[in-house]
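# Structural overview
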Amino acid sequence: MKTIPDALFGLIGFPVSHSVSPAMQNAAFKHCKLDYLYLTIAAKPEELQNVIASMGPLNIRGLNVTIPHKIEVIKYIDSLDPAAEKIGAVNTIVNENGRLKGYNTDFGGFVRLLEHNRIAPAQQRFTLLGAGGSAHAIALAVCNLGGHLTVLARQEEKAKDLAGKMCLRLSGKTQGLELNDTNLEEALADTDVIVNCTPVGMGNLAGQSLIPPRLLRPDLTVIDAIYNPCKTRLLEDAEKRGARIINGLEMLVWQGAMSFEIWTNQKAPFRLMMKEAELALDENKK
Ligand code: NAP
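As a starting point, this report considers the structure included with it. (Residues numbered from 1 in each chain as written. Predicted model: local features only at pLDDT ≥ 70, side-chain atom pairs only at ≥ 80, totals over all residues. Heavy atoms only, no water.)

Attention now goes to the overall build of the protein. In terms of helices and strands, the protein carries ten helices and twelve strands. In terms of overall dimensions, the protein is globule-like: its C-alpha atoms have a radius of gyration of 19 Å, near the 19 Å expected for 286 residues. In terms of overall dimensions, the protein has a C-alpha envelope of 65 × 40 × 35 Å along the principal axes. Looking at the protein residue by residue over its 286 residues, the buried ones come to 50%. Taking all contacts inside the protein whose residues are at least 6 apart in sequence as the whole, residues at least 24 apart take part in 65%. If you sum the accessible surface of the protein, you get close to 13800 Å²; carbon and sulfur atoms cover 51% of it. Both charge centroids of the protein, one from 31 positive and one from 31 negative side chains, sit 4 Å from each other. (Helix = DSSP H or I, 4+ residues; strand = E, 2+ residues; numbered from the N terminus. Rg over C-alpha atoms; globule rule 2.2 N^0.38 Å. Buried < 20%, exposed > 50% of the residue type's maximum accessible area, 1.4 Å probe, protein only. Contact = heavy atoms within 4.5 Å. Areas by Shrake-Rupley, 256 points an atom, 1.4 Å probe, with all protein chains shown as cover. Lys, Arg positive; Asp, Glu negative; His and termini not counted. Charge placed at Lys NZ, Arg CZ, Asp CG, Glu CD.)

Here's what the structure looks like:
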């Protein structure tokens, strides 16, 4: 009986124990009759280099990369695809005969989320809360598709830096501002789509929101990159005010589906992956 899979894949991060990625990737491999196995690899920053160096010897064909390694990992891989290079962060690595190439499927995952929800960014005004890794990927997606962008972050420099990088692509249609009451009110008065790219609303920040309910309106679309809980305080408040709401689960599953396609050259079974991710989230709640 065959006991060793043909190839290994995994998620490296810290912590990773509650990730839904193994459930959705292993289900997708099985569905496509691929004898592959996807594991979680909990690695602290000081262990990152060794894990990446072990991809060849251990026949690890691909990895997803999550917090806190998405930027640091770039040091240890051989080449980047153009989106990962522009974003400056990698969430997917493929081992091509010993040479490691980095991709950023958070970017493509957000593009697919927009397409799937029939949101056409051209000429739409987006306000992003936060200027970290996910905000970089989402900002690039918005700007590439012709959207106007305001970045609000608690550290003004980071907001300006992200908006500035995007401005090179979209002159005059981006701005970065400090996240404070005045800027928030002014920006949202002139916004079609809000995207929360901060952890406010999950973990020990569950039940909190950066936006006072009075600033939310029925004509807004409010997207939260958070998927656990599935309805954050921001989304609850937005729904009560009549806005359209979308959580981060679709983005997560699309990014996983795109990683799967990069690794296997096969079309990912998106619906199955979504179902498995939802089941794994329910399981985590028990
Ligand atoms: P990150 O790189 O650490 O960036 C987090 C951003 O949030 C930073 O700008 C940070 O500001 C800001 N922030 C943190 N705490 C804050 C607070 N209390 N008030 C205001 N701003 C605060 O993290 P990330 O990778 O972008 O992830 C952000 C969120 O998106 C997480 O909840 C993550 O789970 C989610 N996410 C979802 C997906 C998906 O597929 N759905 C993908 C990626 C991420 P400072 O720089 O000042 O700390």
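Turning our attention to the packing of helix 5 (residues 133-144) against helix 6 (residues 156-167). Interaxial distance between helix 5 and helix 6 falls to 10 Å at its minimum, and their mutual angle equals 30°. Relative to helix 6, the element helix 5 lies roughly parallel. Pair helix 5 / helix 6 crosses with right-handed handedness. The segment helix 5 lies against helix 6, with Ala 135, His 136, Ala 139, Leu 140 and Cys 143 engaging Leu 162, Lys 165 and Met 166. For the contact of helix 5 with helix 6, the residue count by class is six nonpolar, one polar and one charged. (Axes fitted to C-alpha atoms, helices over the stretch in contact; angles between N-to-C directions. Parallel < 35°, antiparallel > 145°, perpendicular 65-115°, else oblique. Left-handed = near helix turned anticlockwise from the far one by under 90°. Nonpolar A, V, L, I, M, F, W, Y, C, P; charged D, E, K, R; others polar.)

A few words on the packing of aromatic side chains. The relation between two aromatic rings is expressed through the spacing of the ring centres and the mutual angle of the planes. Applying the stated criterion across every chain yields a total of seven aromatic pairs. Taking the centre distance of 5.1 Å and the plane angle of 40° together, the rings of Phe 9 and Phe 29 count as tilted. In this pair, Phe 9 sits in strand 1 (residues 7-13) while Phe 29 sits in helix 1 (residues 21-31), placing the two residues 20 residues apart along the sequence. Given the relative accessible area of 1%, Phe 9 is considered buried. Judged by relative accessible area, Phe 29 falls into the buried class, the value being 1%. Their ring planes at 80° and their centres at 5.3 Å tell us that Phe 29 and Tyr 36 sit as a pair that is edge-to-face. (Phe/Tyr/Trp six-rings, centres within 6.5 Å; stacked < 30°, edge-to-face > 60°.)

Another point: the sheet that holds strand 1. On the basis of which strands lie adjacent, the open sheet formed by six strands has the order 2-1-3-5-6-4 and mixed pairing. Two strands bound the open sheet, and with one partner strand each, they are strand 2 (36-42) and strand 4 (79-80). In this sheet, strand 6 (residues 99-103) lies alongside strand 5 (residues 92-96) in antiparallel orientation, the contact comprising five bridges. Paired with Thr 92 across the bridge in strand 6 is Tyr 103. (Pairing = 2+ DSSP bridges.)

This part takes up the pairing of strand 8 (residues 148-153). Counted residue by residue, strand 8 has five buried out of six residues, so it is predominantly covered. Traced from strand 7 (residues 125-129) through helix 5 to strand 8, the parallel crossover comes out right-handed. Pairing of strand 8 with strand 9 (residues 174-178), which is carried by five bridges, proceeds in the parallel orientation. In the strand pairing of strand 9, Thr 150 is matched with Gln 175. (Right-handed = clockwise from strand over helix to strand, strands pointing away.)

All we've got here are geometric facts, nothing functional implied.
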